[in-house]
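Listed here are the chains, written in short residue letters.
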Amino acid sequence: MKHAFIDEYSARDTLLRRRDPRAKIAVFFSFVLGIIATPAQSFHTFGLFAFVLAMLAVVAELPLAHIVKRAAAAVPFILCMGLLAMLYPRGVVVFCAKLGPFHLALTHSGLLMVWNTTVKALLSVVCMTILVSSTPFAD
């Protein structure tokens, strides 16, 4: 059975494609768990995660447009979660606005939570995109 929309790049003979699918799944899920366990303030660590994912995409010979297209499908959900997290009420107020009867106050803690939610979700989606795109559906 052929899944053209999923297996578009998995038939390429690349270094990542030749790895055992079970090992890839274990490594990629461990990588996602590492992303999730990283504290929100570890900006350099998230940059390192992004660099590793970029190198994996290069090794898998995946076009950037393919990864962006797949990750873009999750962006609306990620942004909704980020917008909800932005309204976190505790912490130092960074921005305040009055919108008619509503009072909007953005806190440092809320913005940090938005960053945390967004970066972890995007990195996880990119990680899973690379896994799925470098592994045939049947495997």
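Everything here concerns the structure above.
Okay, so let's go over this structure.

What counts, and at which threshold
- Residue numbering note: each chain is counted from 1, following its sequence as written.
- Where totals are concerned, whole chains, interfaces and linings use all residues; where local detail is concerned, this predicted model gives features only for residues with pLDDT of at least 70, and gives and counts side-chain atom pairs only at 80 or more.
- Hydrogens are left out, water is left out, and the side-chain values use all remaining heavy atoms of the structure.
- Numbering goes from the N terminus for both helices and strands, where a helix is a DSSP run of H or I of at least four residues and a strand is a run of E of at least two.
- Accessibility throughout is a Shrake-Rupley quantity obtained with a 1.4 Å probe, and a residue counts as covered only by protein chains that appear here.
- Classification of residues uses two cut-offs on accessible area relative to the type maximum, computed with a 1.4 Å probe and protein chains only: under 20% is buried, over 50% is exposed, and between them is partly exposed.
- Put simply, buried Ala, Val, Leu, Ile, Met, Phe, Trp, Tyr and Cys residues joined by side-chain atoms within 4.5 Å make one nonpolar core.
- Contact definition: two residues touch when any of their heavy atoms are within 4.5 Å.
- Only rings of Phe, Tyr and Trp enter the pairing, Trp through its six-membered ring, and a pair is recorded when the two centres are within 6.5 Å. The plane angle decides the type: under 30 degrees is stacked, over 60 is edge-to-face, the rest tilted.
- Each pair of strands is called paired provided DSSP finds at least two bridges between the two strands.

### Here we look at the overall build of the protein chain
Broken down by element type, the protein chain carries five helices and two strands. In sequence order, the protein chain lays out its α and β elements as α-α-α-α-β-β-α. By element, 74% of the accessible surface of the protein chain is carried by carbon and sulfur atoms, the whole surface being about 8,800 Å².

### Topic: unusual backbone geometry
In this model, Glu61 sits at a positive phi of 55 degrees, which is unusual for a non-glycine residue. Among the secondary structure elements, Glu61 is positioned in the loop between helix H2 (43–59) and helix H3 (64–72). On the basis of relative accessibility, which here comes to 43%, the residue Glu61 falls in the partly exposed class.

### Points about the nonpolar core
Core analysis: the biggest nonpolar cluster contains 18 residues, and Leu53, Leu123 and Ile130 have the highest contact counts within it. No other element matches helix H5 (residues 108–133), which puts six residues into this core. Other than its neighbours up to four places away in sequence, Leu53 contacts Phe31, Leu123, Val126, Cys127 and Ile130.

### Describing the side chain of Thr38
For Thr38, the position within the fold is in the loop between helix H1 (21–37) and H2. When sequence neighbours within four positions are dropped, the list of residues in contact with Thr38 reads Thr45, Phe46, Phe49, Asn116 and Lys120.

### Quick word on the packing of aromatic side chains
Taken as a whole and judged by the stated rule, the model has four aromatic pairs. A centroid spacing of 5.4 Å and a plane angle of 50 degrees characterise the contact between Phe43 and Trp115, whose relative ring orientation is tilted. Note that Phe43 is positioned in helix H2 and Trp115 in helix H5, a separation of 72 residues in sequence. Geometrically, the ring pair formed by Phe46 and Trp115 is edge-to-face, given 5.9 Å between the ring centres and 80 degrees between the ring planes. Of the two residues, Phe46 sits in helix H2 while Trp115 sits in helix H5, which places them 69 residues apart along the sequence.

### Structural notes on the pairing of strand E2 (residues 102–107)
Taken together, the six bridges between strand E1 (residues 93–99) and E2 define a ladder with antiparallel strand orientation. Note that in E2 the partner of Ala97 across the bridge is Leu104. Linking E1 to E2, which pair antiparallel, is a turn of two residues; within it Gly100 sits at a positive phi near 65 degrees.

### As for the environment of Leu53
As for its position among the elements, Leu53 is in helix H2. The exposure class assigned to Leu53 is buried, which follows from its relative accessible area of 3%. Distance from Leu53 to Phe31, taken between C-alpha atoms, is 9.8 Å for residues 22 residues apart in sequence.

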